[in-house]
Every structure is written in structure tokens, then in C-alpha cells.
Amino acid sequence: MANQEPRVLIAYGSKYGSTKEIAVHIGEVLNKAGCATTVCPAGEAATDLSAYDAAVLGGGLYAGRWHRDAVRLAHRARRSLRKRPVWLFSSGPLDPSASEREIPPVRGVRRIADRLDAEGHITFGGRLDESARGRIARMIVKSGKGGDFRDFGQITGWAQTIARDVAARTGASRGT
Ligand SMILES: Cc1cc2nc3c(=O)[nH]c(=O)nc-3n(C[C@H](O)[C@H](O)[C@H](O)COP(=O)(O)O)c2cc1C
């Protein structure tokens, strides 16, 4: 990688917007640390990622699977992704568990991580509230199991480790 601002793609698969907000936050942290970031829906990301030095790919969890746009990008951009450092995240649990312990990736995401030789994966808590449409989503919220379990301190910390790693690889040094 050249000794210039590292360019990082942060792509997300999100139905109700909470994973998108995590991706935006990761982008802000990387930006502050001196990266040039692009945050975009996984469905709109390019298949050829030669414009980027590194990538972060995340998806909301639905019935034990990543949001399909994240799965599809991992597949269609696999050649590009394998050539650069890539970090994965999942967002889902509607309880504090993701802040309390490491939650391993669901099976499909584990496979993707292996195929892409990902640098790492983390599961963040999720969010579901009254604004979510969909029968099951509304049932979950109605039964009192919704809420916002995203831990932005944890997300910041994870993004900072990526920023440090990317900076070390590119020789960039603005600190985090
Ligand atoms: C129908 C439905 C299924 C879900 N399945 C899971 C699941 O299998 N595992 C999990 O951790 N969270 C699950 N969740 C919680 C979502 O992953 C969580 O709300 C997430 O933050 C949604 O991301 P998004 O707003 O980006 O779409 C589910 C939510 C809904 C509405």
C-alpha cells in the first residue's frame, strides 16, 4: 500500500438502519484516525475493490443469517476482498450479551470469514424498535424484547484497532 491516506470501504447489509448506523460510526472513527472512508450499502458497493486498501463488511442478523446484501457482496467481491485486509462484523443480539462476551459468528459468516481470510470478526448488539415494520419485528417489540443494545464504546474500540492495523500496513501515522 502506498504511503498516503489509506482508503477503507465500509459496506453494510441493513434492513432497519441500525447496522447502517454502526457502519457510519466505524467510518467516523477511521476518518478521525486518518483514513479516507467510503460507507455504503453492500448492495451498492463495487465488485472490483481496487480503489480501496482495506474493507469492513457488516450485516444485521436475521434468523441466524447475515443480511443477504452482505452475503452477496462477500461472494461477488470475493476476489477483491481476498487481496486486501477485511474485517467483518455482525449486529443482532437484542440483549446485553454482545457487550459482555465475545459472540462467535453464525455459521454462514464463519464460512465467509474463512473464505476471505478475514482479519477478524465481532458481533455487536442490535437494535429493534417501534419504527421497524414487519410482522415478526413488531411481535418482538410488542412482547417487550426490543431495544437498543448497540455499545458505541465497544464499536469505537474495535474500529480503532482496525485503524491502527491499517495505518501500520500503509505506513500512515496519525494515531487513533
Ligand atoms: C425477524 C427478525 C429476525 C432476527 N433474527 C436474529 C437472529 O437470528 N440473531 C440475532 O442476533 N438477532 C436477530 N434479530 C435482531 C436483529 O438482528 C437486530 O434488530 C439488528 O440490529 C437489525 O439490524 P438492522 O436494523 O440493520 O436491520 C432479528 C430481528 C428480526 C426482526
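Residues numbered from 1 in each chain as written. Predicted model: local features only at pLDDT ≥ 70, side-chain atom pairs only at ≥ 80, totals over all residues. Heavy atoms only, no water.

Turning our attention to the pairing of strand E6 (residues 120–124). For E6, a buried count of 4 out of 5 residues is recorded, marking the element as mostly surrounded by other parts of the structure. Examined bridge by bridge, strand E5 (residues 86–91) and E6 share 5 bridges and lie parallel to one another. Across the sheet, the residue bridging to tryptophan 87 is glycine 120, located in E6. (Buried < 20%, exposed > 50% of the residue type's maximum accessible area, 1.4 Å probe, protein only. Helix = DSSP H or I, 4+ residues; strand = E, 2+ residues; numbered from the N terminus. Pairing = 2+ DSSP bridges.)

To continue, consider the site of the ligand. Contacts to the ligand come from 20 residues, most closely from Ser14, Lys15, Thr19, Leu61 and Tyr62. Here an oxygen atom of the ligand and a side-chain polar atom of threonine 19 are 2.6 Å apart. In this structure, glycine 92 approaches the ligand through a main-chain N or O atom, which is 3.4 Å from a nitrogen atom. Looking at the shell around the ligand, the elements that each hand over two or more residues are helix H1 (18–32), strand E3 (54–62), strand E7 (127–128) and helix H6 (135–142). Counting residues per element, the shell around the ligand draws most heavily on H6, at 3 residues. (Near = heavy atom within 4 Å. Polar contact = N/O pair within 3.5 Å; in protein donor to acceptor, adjacent residues only side chain to side chain.)

A few words now on the pairing of E3. A large share of E3 lies buried, amounting to 7 of its 9 residues. With 6 bridges joining them, E3 and E5 adopt parallel strand pairing. By the bridge assignment, glycine 58 is partnered in E5 with phenylalanine 89. Pairing geometry for E3 and strand E4 (residues 65–66), over 2 bridges, is antiparallel.

Moving on: the packing of aromatic side chains. One pass over the structure, following the stated rule, counts 4 aromatic pairs. Between the aromatic rings of phenylalanine 89 and phenylalanine 124, the centroid separation amounts to 5.8 Å while the plane-to-plane angle is 50°, which identifies the pairing as tilted. One end of the pair, phenylalanine 89, is in strand E5; the other, phenylalanine 124, is in strand E6, with 35 residues separating them in the sequence. Members of the aromatic cluster, joined through ring pairs, are Phe89, Phe124 and Trp158. A cation over a ring is seen here: lysine 15 above tyrosine 62, with NZ or CZ 5.7 Å from the ring centre. (Phe/Tyr/Trp six-rings, centres within 6.5 Å; stacked < 30°, edge-to-face > 60°. Lys NZ or Arg CZ within 6 Å of the ring centre and 35° of its normal.)

Following the sequence through the fold, glutamate 102 ends up in the loop between helix H4 (97–100) and helix H5 (107–116). Taking the C-alpha atoms as reference points, glutamate 102 and phenylalanine 124, separated by 22 residues in sequence, lie 9.1 Å from one another.

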